[in-house]
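Chain by chain, the residues run as shown.
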Amino acid sequence: MFIIATVTNDLTYDQRMIRICTSLQQAGHEVLLVGRKRASSVPLVERVFQQKRLHCWMDKGKGFYVEYNIRLFLFLLFQRVDVICSVDLDTILPGLVVSRIRGKVVVYDAHEYFTEVPEVVRRPSVKRIWEWVARWAIPRLRYCYTVGPALAKLFTERYGTPFGVVRNVPYLQEMAIPVANFEKKVVLYQGALNEGRGLECAIEAMGYLEGVELWLAGEGDLSEKLRDLVQELGVSQKVRFLGYIQPEQLKAVTLEASVGLNILENVGLSYYYSLANKAFDYIQAGLPTIQIAFPEYQALQQQYNTFIMLEELQPEALAQTIEATFADKVTYLKLRQNCLDARTQLCWEKEVEALLQVYETIQATIARP
């Protein structure tokens, strides 16, 4: 089958879609991943699948979404395609409409609870628009999957369309895991520097700690604000902004850290029911991780015991948790070993079967006379 997957990012740092498209291509399909080109976009890395970036005059806000959806609709309308994989709610309309016009199959890949992300929740008018899109589009879909069991259950109940689960887990780590180094105390956050990620709390916590560094790998809407906060609090010697890092390089950076960080704020159901890829990336690198005590992370903790659970998102409480983690070497090494044991199960080599099953079902349906 010829599969076109659509996103609104510039493709370069989208580890989930790189894995998905690579696996579908290797399974014998022909795959094209479509995103957008920004002024800051770097040249694309050559992949086994095809890539296309659409140029937009608008870069953000309502104008961007309207323009991109129109450009994506026109692009899809005249492209050779069997299956359109619409990733998240912001690309679902072009995929669904074109599939109806051309008699093609559309798949919905929900990376998050789009109408419940902080950027949407705090803007009631925008939220209403996207909720209308969801209510109109999702019940008309047959093939849907999302990143975790909690969201799949919630979506199925809300929209009446069954959702499968394809978790956002990395490939099994091939790089050698270094021996634990208790001299180098590095707390790593990898991901977008966006609202609701607990990053202000993490930076403020550094004021209570000595001999510990916080590394922030990524950029986002809060990049400038967070850099200003570091200067304001006088912790510039303790906080490093690593900027955007290619997925292949990020693995090596993660191995240099001592503790992973994933402390989302409870500012919407998308974060509350999230199952972030970084949680699994940390496990692959053998990193004990400080996780906020939300349902999906608690479920993983009960099964694998790889996390340090944080009950309250306060700078002093976070600092105490970090300090205690480094002080208790026995527990740290136990968590680290649990990560190394769990990584062979929480990897893409296991999870990919759920993805391939979706497309095998579609292919059988298309082939049926």
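Heads up: the structure comes first, above all this text.
Rules behind the numbers
Residues numbered from 1 in each chain as written. Predicted model: local features only at pLDDT ≥ 70, side-chain atom pairs only at ≥ 80, totals over all residues. Heavy atoms only, no water. 1 Å grid on protein atoms, 1.4 Å probe; cavity = no way out; pocket = protein on both sides within 12 Å on 5 of 7 lines; lining within 4 Å. Points joined across faces, edges and corners; volume = space filled by probe spheres on them. Nonpolar A, V, L, I, M, F, W, Y, C, P; charged D, E, K, R; others polar. Salt bridge = Lys/Arg side-chain N within 4 Å of Asp/Glu carboxyl O. Helix = DSSP H or I, 4+ residues; strand = E, 2+ residues; numbered from the N terminus. Buried < 20%, exposed > 50% of the residue type's maximum accessible area, 1.4 Å probe, protein only. Pairing = 2+ DSSP bridges. Contact = heavy atoms within 4.5 Å. Axes fitted to C-alpha atoms, helices over the stretch in contact; angles between N-to-C directions. Arc of directions from axis to C-beta. Phe/Tyr/Trp six-rings, centres within 6.5 Å; stacked < 30°, edge-to-face > 60°. Parallel < 35°, antiparallel > 145°, perpendicular 65-115°, else oblique. Left-handed = near helix turned anticlockwise from the far one by under 90°.

**Here's the deal with empty space enclosed by the protein**
Item 1. This structure, assessed with the given rule, holds one cavity of 30 Å³ or more.
Item 2. Considered as a void within the structure, the largest cavity measures approximately 60 Å³ in volume.
Item 3. Its residues placed into classes, the lining of the largest cavity shows nine nonpolar, one polar and one charged.

**Concerning the pattern of salt bridges**
Item 1. If you walk through the whole model with that rule in mind, you get 15 salt bridges.
Item 2. A salt bridge links R38 to D59, with the nearest nitrogen and oxygen atoms 2.8 Å apart. Taken together, the residues R38 in the loop between β2 (30–37) and β3 (50–55) and D59 in the loop between β3 and α2 (61–77) connect sequence positions 21 residues apart.
Item 3. On the basis of relative accessibility, which here comes to 31%, the residue R38 falls in the partly exposed class.
Item 4. The partner of E210 in a salt bridge is K238, and the shortest N-O contact between them spans 3.4 Å. Of the two residues, E210 is situated in the loop between α7 (199–205) and β9 (213–217) and K238 in the loop between α8 (223–233) and β10 (239–243); the sequence distance between them amounts to 28 residues.
Item 5. The class for E210 is exposed, based on a relative accessible area of 64%.
Item 6. Where salt bridges share partners, they join E116, K127, E131 and R158 into one cluster.

**Overview of the layout of surface pockets**
Item 1. Taken as a whole, the second largest pocket holds about 360 Å³ of empty space.
Item 2. What lines the second largest pocket is a set of 19 residues, among which Q15, R19, Y171, P247 and K251 lie closest to the centre.
Item 3. Of all the elements in the fold, those that place two or more residues in the lining of the second largest pocket are α1 (15–26), α9 (247–256) and α11 (277–284).
Item 4. Top contributing element to the lining of the second largest pocket by residue count: α9, with five residues.
Item 5. Residue composition of the lining of the second largest pocket, by class: seven nonpolar, six polar and six charged.

**Comments concerning the sheet that holds strand β7 (residues 164–165)**
Item 1. Spatially, β3-β2-β1-β4-β5-β6-β7 is the arrangement adopted by the seven strands of the open sheet, whose pairing is parallel. A strand with exactly one partner marks an edge of an open sheet, and here the two such strands are β3 and β7.
Item 2. Where β2 lies against β3, six bridges are found, and the strand directions are parallel. Counterpart to L33 in the pairing with β3 is Q51.
Item 3. Against the sheet, α1 makes contact with β1 (2–6), β2, β4 (83–87), β5 (105–110) and β6 (143–146), and its axis sits at roughly 155° relative to β2, the strand it touches most.

**A word on the pairing of strand β11 (residues 259–262)**
Item 1. Taking every second residue as pointing to the same face, both faces of β11 are buried, with V259 and L261 on one and G260 and N262 on the other.
Item 2. Here strand β8 (residues 186–190) runs beside β11; their pairing, made up of two bridges, is parallel. Looking at the pairing, V187 lines up with V259 of β11.

**Description of α8**
Every α-helix winds through 3.6 residues per turn, so residues three or four apart in the chain are directed the same way.
Item 1. Listed as buried for α8 are S223, L226, L229 and V230. Looking straight down α8, one finds that the buried residues subtend no more than 125° of arc, so they occupy a single side. Structural note: α8 exposes E224, K225, Q231 and E232 on the side pointing more than 90 degrees away from its buried face.
Item 2. As for α8, its buried residues are in contact with α7 and β10.
Item 3. Note on α8: the residue one or two positions beyond its end, G234, has a positive phi of about 70°.

**Notes on the packing of aromatic side chains**
Item 1. Summed over the entire model, instances satisfying the criterion amount to 12 aromatic pairs.
Item 2. Between the aromatic rings of F114 and W130, the centroid separation amounts to 4.9 Å while the plane-to-plane angle is 70°, which identifies the pairing as edge-to-face. Placement of the pair is F114 in the loop between β5 and α4 (118–121) and W130 in helix α5 (residues 124–137), with a sequence separation of 16 residues.
Item 3. With relative accessibility at 7%, the residue F114 sits in the buried group.
Item 4. A relative accessible area of 11% places W130 in the buried class.

**Topic: the packing of α2 against helix α3 (residues 92–102)**
Item 1. Between α2 and α3, whose axes approach to 9 Å, the crossing angle comes to 30°. Between α2 and α3, the crossing angle belongs to the class labelled roughly parallel. In this structure, α2 meets α3 at a crossing whose hand is right-handed. Here α2 contributes N69, L72, F73, L76 and L77 to the contact with α3, which in turn contributes L93, P94, G95, V97, V98, I101 and R102.
Item 2. Of the residues contributing to the contact of α2 with α3, the split by class is nine nonpolar, two polar and one charged.

**Side note on the sheet that holds β10**
Item 1. Taken in spatial order, the six strands line up as β10-β9-β8-β11-β12-β13 in an open sheet, and their pairing is parallel. Two strands in the sheet have a free side with no partner beyond their single neighbour: β10 and β13 (307–310). Neighbour-to-neighbour, the strand axes of this sheet turn through a mean angle of 25°, independent of strand direction.
Item 2. The strands touched by helix α12 (residues 295–304) are β11, β12 (289–292) and β13; relative to β13, the strand with the most contacts, the crossing angle is about 140°.

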